[in-house]
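Secondary and tertiary structure notes
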Amino acid sequence: MRSFLFSLSFCATLAACASTPTPEPPAYEHRFEHAEQWAKEFDDPSRDSWQKPELVVAAMQIAPGMTVADIGAGTGYFEPHLSRAVGPNGRVLALDVEPDMVRYLIARAAREQLANVDARQVAPDDPGLPAASVDRVLIVDTWHHIANRAAYASRLAAALKAGGEVIVVDFRRDAHRGPPPEHRIAPAEVARELSAGGLAVRVTDAGLPEQYVVVGTRP
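Residues numbered from 1 in each chain as written. Predicted model: local features only at pLDDT ≥ 70, side-chain atom pairs only at ≥ 80, totals over all residues. Heavy atoms only, no water.

**Quick word on the packing of aromatic side chains**
What characterises a pair of aromatic rings is the spacing of the ring centres plus the angle enclosed by the ring planes. Threshold: Only rings of Phe, Tyr and Trp enter the pairing, Trp through its six-membered ring, and a pair is recorded when the two centres are within 6.5 Å. The plane angle decides the type: under 30 degrees is stacked, over 60 is edge-to-face, the rest tilted. Secondary structure elements follow DSSP: runs of H or I of four or more residues count as helices, runs of E of two or more count as strands, with numbering from the N terminus. Summary of the burial criterion: residues with accessible area below 20% of their type's maximum are buried, those above 50% are exposed, and those between are partly exposed, where the area comes from a 1.4 Å probe applied to protein chains only.
Summed over the entire model, instances satisfying the criterion amount to three aromatic pairs. Summarising the aromatic geometry, the rings of Trp50 and Phe171 are spaced 5.8 Å apart at their centres and angled 35 degrees between planes, so their arrangement reads as tilted. One end of the pair, Trp50, is in helix H3 (residues 48-51); the other, Phe171, is in strand E6 (residues 160-171), and 121 residues separate them in sequence. On the accessibility criterion, Trp50 (14% relative accessible area) is buried. Ring centres of Tyr77 and Phe78 lie 5.2 Å apart, and the angle between their planes is 85 degrees; this geometry places the pair in the edge-to-face category. Given the relative accessible area of 8%, Tyr77 is considered buried.

Given below as structure tokens:
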């Protein structure tokens, strides 16, 4: 769910939004059944050239021993990277709404001996994370699939430990891949949604050729 860095100032914007609420763009509804078929696309080695997982993980500033949740984990493309980053004393929660993806994630973790990866199915509107239980939440190419994102952001904020972060990675409007243009979300919109959930927000491109990164931090 990537190097210049810039901050967004929300005070004036949020004051305006308080009087004239901005509706969220619609979620992009799309099923991802038949995990083996999706694995051909999601785990294609050529993905590394534009997804650049090493840059994403670097932007997350993961320390050994952390607990990281990967929401919309799919076939587990990021799981080996996250598993190494948290180390043997850390934990990776690979979460997805599709039961067949979760089945595939469990099999992959066993096959690749990712002992610190725990795959679970979650509801579309709730990540199912206990309060103050995770250090990082990664959401790659998935935020545009989530409905009622401000409410979802509030649940994520509650699940974070103090100083924990949500990292949203999604496609720019001019990207050559990704969802249909009408379902792409501008980084400023993602930032507004995370901020509405109670997170302090910053935006960085992290060096990714097709995507932006928005980070929300729990104070």
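**Some points on helix H7 (residues 149-159)**
Structurally, the α-helix is built with 3.6 residues per turn, so residues lying three or four positions apart point the same way. Worth spelling out the cut-off: The arc refers to the directions leading from the helix axis to the C-beta atoms. Two residues form a contact once any of their heavy atoms are found within 4.5 Å.
Buried within H7 we find Arg149, Tyr152, Ala153, Leu156, Ala157 and Ala159. Take H7 and look down its axis: the buried residues cluster within an arc of 160 degrees, on one side only. Residues of H7 that are buried in the fold lie against strand E2 (67-71), strand E5 (134-140), E6 and helix H8 (187-196).

**Re helix H4 (residues 53-60)**
Regarding H4, the residues found buried are Pro53, Val56, Val57 and Met60. Take H4 and look down its axis: the buried residues cluster within an arc of 95 degrees, on one side only. Each element contacted by the buried residues of H4 is listed here: H3, E2, helix H5 (79-86), E5 and E6.

**Let's talk about the confidence of the model for the protein chain**
Heads up, the condition is: Residue-level confidence of the predictor, termed pLDDT, takes values from 0 up to 100.
Counting all residues, the mean pLDDT for the protein chain is 87, and 85% of those residues have values of 70 or more. In the model, residues 1-21 has pLDDT below 50 throughout and makes 44 contacts with residues more than four positions away in sequence or in other chains.

**Focus on the environment of Ile71**
Along the chain, the position of Ile71 falls in strand E2. Under the relative-accessibility criterion, Ile71 is labelled buried at 4%. C-alpha separation for the pair Ile71 and Leu95, spaced 24 residues apart in sequence, amounts to 4.9 Å.

**Brief notes about unusual backbone geometry**
Within the chain, Lys52 stands out as a residue other than glycine whose phi angle is a positive 45 degrees. Within the secondary structure, Lys52 sits in the loop between H3 and H4. Within the chain, Asn148 stands out as a residue other than glycine whose phi angle is a positive 50 degrees. Mapping Asn148 onto the fold places it in the loop between E5 and H7.

**Quick notes on the pairing of strand E3 (residues 91-96)**
Strand residues, when the strand is regular, have side chains that alternate between the two faces of the sheet. Basically, it comes down to this: For two strands to pair, DSSP has to find at least two bridges joining them. By convention a crossover is right-handed if, when the strands point away from the viewer, the path from the first strand over the helix to the second runs clockwise.
Of all six residues in E3, five are buried; the element is thus mostly enclosed. Pairing of E2 with E3, which is carried by five bridges, proceeds in the parallel orientation. Among the inter-strand pairings, Ala69 is bridged to a residue of E3, identified as Leu93. For the crossover from E2 across H5 to E3, the handedness is right-handed. Sheet topology places E3 next to strand E4 (residues 117-121); five bridges connect them, and they run parallel. Following the sheet pairing, Ala94 is matched in E4 by Ala119. Handedness of the E3-helix H6 (residues 99-111)-E4 crossover: right-handed.

**Overview of a negative patch on the surface**
In plain terms, the rule: Patch criteria: residues need more than 30% relative accessible area and no salt bridge. Like-charged residues are merged within 9 Å; nonpolar side chains of Val, Leu, Ile, Met, Phe, Trp and Tyr are merged within 5 Å. Accessible surface area values rest on a Shrake-Rupley calculation with a 1.4 Å probe, where residue burial reflects the displayed protein chains alone. When a carboxyl oxygen of Asp or Glu is within 4 Å of a side-chain nitrogen of Lys or Arg, the pair counts as a salt bridge. Positive residues here are Lys and Arg, negative ones are Asp and Glu, while His and the chain termini are left out of the count. We put the charge of a Lys on NZ, of an Arg on CZ, of an Asp on CG and of a Glu on CD.
On the surface, Glu41, Asp44, Asp48 and Glu54 cluster together into a patch of negative charge. The class of Glu54 is partly exposed, set by a relative accessible area of 47%.

**Details of the pattern of salt bridges**
For the coordinates displayed, the defined rule picks out 14 salt bridges. A salt bridge links Arg108 to Asp43, with the nearest nitrogen and oxygen atoms 3.1 Å apart. Note that Arg108 is positioned in helix H6 and Asp43 in the loop between helix H2 (35-42) and H3, a separation of 65 residues in sequence. Note on Arg108: relative accessible area 11%, which makes it buried. By relative accessible area, Asp43 is classed as partly exposed at 22%. Overlapping salt bridges, with partners in common, bring together Glu36, Asp100 and Arg103 in one network.

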